[in-house]
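# Coordinates in review
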Amino acid sequence: MNRDFSIILLMIFSMITWGCQDNVAPTKEEAVSTQKGFPFWLPKEKPKRILSAAMERNYDNYMAPRPEDNELYSQFKYTELKGFDYHGGDGTISRRDPSKVIYENGKYYVWYTYRHTSTSPKGAEKSNDTIPSTDWDLAEIWYATSTDGFTWEEQGVAVPRPPKPRVGWRSVTTTDILKWKGKYYLYYQGFMEASGKRGDDCPVAVSYADSPDGPWTPHNEVVIANGAEGEWDQYSIHDPYPIVRDGKIWIYYKSDADGDPRLVRMQGLAIADDPLGPFEKYPLNPVITSGHETTLFPFEQGVAALVIKDGNEHFTIQYAPDGVNFQIAAITSLMPTAAGPYVPDAFTNTQNGRGITWGVSHITNATTWAQNHAVLLRFDCDLSLDVNDPAMKQHNN
Ligand code: AAL
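First, a word on what this report is: a plain description of the structure on this page. (Residues numbered from 1 in each chain as written. Predicted model: local features only at pLDDT ≥ 70, side-chain atom pairs only at ≥ 80, totals over all residues. Heavy atoms only, no water.)

### Some thoughts on the pattern of salt bridges
Counted under the stated rule, the structure contains 19 salt bridges. We note a salt bridge from Asp135 to Arg115, for which the minimum N-O separation is 2.9 Å. Of the two residues, Asp135 is situated in the loop between strand S4 (107–116) and strand S5 (140–146) and Arg115 in strand S4; the sequence distance between them amounts to 20 residues. In terms of burial, Asp135 and Arg115 fall into one category: buried. For Arg198, the salt bridge goes to Asp201, with nearest N and O atoms at 3.1 Å. The exposure class of Arg198 is partly exposed, given its relative accessible area of 43%. On the basis of relative accessible area, Asp201 is assigned to the partly exposed category, the value being 21%. (Salt bridge = Lys/Arg side-chain N within 4 Å of Asp/Glu carboxyl O. Helix = DSSP H or I, 4+ residues; strand = E, 2+ residues; numbered from the N terminus. Buried < 20%, exposed > 50% of the residue type's maximum accessible area, 1.4 Å probe, protein only.)

Here it is in structure tokens:
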């Protein structure tokens, strides 16, 4: 090897070594002691130095400073479900607003709003006894079962529209399931008028059964009523979503402005000792200022919420250690609409919620404001604390 070549090799080696040394992370003490600019990596713990507002927020507002370490951050994957017919997508059949998925009798169950009408929705003006105003008008609650969460067998009606003037005679929609002391309860919106003609100002009704296959007995009484005039939930109680917490039934719900420009969609909570009520509304309602349909699940000692479209904090995942004081834990995108997750510990009164990895959501074909029809989809995500936990693993695919 000639001398010049050896010198070049030595220079290259020194440059590499120098570069490596430069990339060695300083200790925490070194990072704290220097105020000369932020290190290029993101320390897990908030540095004890003056931070910009954005960096302060990055440590204070989320569950971890990097989404990769944030257990409440996830992206979402969608898969078409097998087993549902939509009549060529002509808008005469719709399935939307699925419940949580539960696992009983060796299979998964999901309930949803099912509309099968002679025409697609035509808006409030043109609606009548057989023509729906919106996608969720003239609907019933149907259910389906599956052994793998991808291929479903539609089982038929669970809750039909009751005769007029009972609650829900015009439409029963947007249901969710509770299992309590061996019995099953479906909570749903009971329309007394077509959607679009103030029928959306509806309260919550409930039916109960000894088996998830029914038969379902309607309670025939409003179980969560609209708020008094001027209250945030005066117009509607939508998207009832029960979980069991502190030994009681906690139902989160959405209220809607229904055209009142002073109001926005927000989410509140009502709590009862008995599934048929009385439900007491939480005094600090609303507890979530954003989002559309409600989707929540026990997470560690608290409750996590998928907060999708609508409101300043849309497309966030939020967490409340006490189930009521929610903070933004993560910001994400393409979140599942009207998600009904598989929540193994929704009714176990857990103080150590394990999270979710999949569920059923819907997607709408919004050709007009009235919406042509909606389709159920499977979503997968990683919002689970431990996918290897036997309770999660048992039924996860
Ligand atoms: C949904 C839900 C409620 C509304 C309508 C049908 O996605 O928020 O159910 O009433 O839209």
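### A closer look at the pairing of strand S17 (residues 316–320)
Two faces, one strand: in a regular strand the side chains alternate between the faces of the sheet. Within S17, five of the five residues are buried, which leaves the element mostly enclosed by the surrounding structure. Burial along S17 is two-sided: the residues Thr316, Gln318 and Ala320 and Ile317 and Tyr319 are all buried. As paired strands, S17 and strand S18 (residues 327–331) are joined by four bridges and run antiparallel to one another. The residue of S18 that forms the bridge with Ile317 is Ala330. (Pairing = 2+ DSSP bridges.)

### What about the sheet that holds strand S14 (residues 280–281)?
Taking strand neighbours across the sheet as the criterion, the four strands line up as S11-S12-S13-S14 in an open arrangement whose pairing is antiparallel. Edge strands, defined here as strands with exactly one partner in the open sheet, are strand S11 (238–245) and S14. With six bridges joining them, S11 and strand S12 (residues 248–255) adopt antiparallel strand pairing. In the strand pairing of S12, Val244 is matched with Ile249.

### Here we look at the sheet that holds strand S10 (residues 217–218)
Within the open sheet, the four strands sit side by side as S7-S8-S9-S10. Their pairing is antiparallel. Where the open sheet ends on each side, the last strands, each with one partner, are strand S7 (171–180) and S10. Note that S7 and strand S8 (residues 183–191) share eight bridges and pair antiparallel. In the sheet register, Lys179 faces S8, and the bridge partner there is Tyr184.

### Section: the site of the ligand
Close to the ligand lie Arg96, Asp97, Trp136, Thr174, Gln189, His238, Asp239, Lys254, His292 and Glu293, which account for all nearby residues. A distance of 2.6 Å is found between an oxygen atom of the ligand and a side-chain nitrogen or oxygen belonging to Thr174. One nitrogen or oxygen atom from the side chain of Lys254 is found 2.6 Å from an oxygen atom belonging to the ligand. Burial of the ligand by the protein chains amounts to 95% of its free accessible area of 280 Å². Of all the cavities here, the one that holds the ligand is the largest pocket. Per-class residue counts for the shell around the ligand are one nonpolar, four polar and five charged. (Near = heavy atom within 4 Å. Polar contact = N/O pair within 3.5 Å; in protein donor to acceptor, adjacent residues only side chain to side chain. Areas by Shrake-Rupley, 256 points an atom, 1.4 Å probe, with all protein chains shown as cover. 1 Å grid on protein atoms, 1.4 Å probe; cavity = no way out; pocket = protein on both sides within 12 Å on 5 of 7 lines; lining within 4 Å. Sits in = over half its atoms within 2 Å of the grid points. Nonpolar A, V, L, I, M, F, W, Y, C, P; charged D, E, K, R; others polar.)

### Considering empty space enclosed by the protein
What the rule picks out here adds up to three cavities of 30 Å³ or more. Residue lining of the largest cavity: 16 residues in total, with Pro98, Thr175, Asp239, Tyr241 and Thr294 positioned closest to the centre. Of all the elements in the fold, those that place two or more residues in the lining of the largest cavity are S7 and S11. For the lining of the largest cavity, the residue count by class is five nonpolar, six polar and five charged. (Points joined across faces, edges and corners; volume = space filled by probe spheres on them.)

### What about the packing of aromatic side chains?
Per the counting criterion, the structure on display carries 19 aromatic pairs. Ring geometry for Phe84 and Tyr112: centres 5.8 Å apart, planes at 80 degrees, overall edge-to-face. Of this pair, Phe84 sits in the loop between strand S1 (77–80) and strand S2 (93–96) while Tyr112 sits in strand S4, placing them 28 residues apart in sequence. Judged by relative accessible area, which is 12%, Phe84 ranks as buried. (Phe/Tyr/Trp six-rings, centres within 6.5 Å; stacked < 30°, edge-to-face > 60°.)

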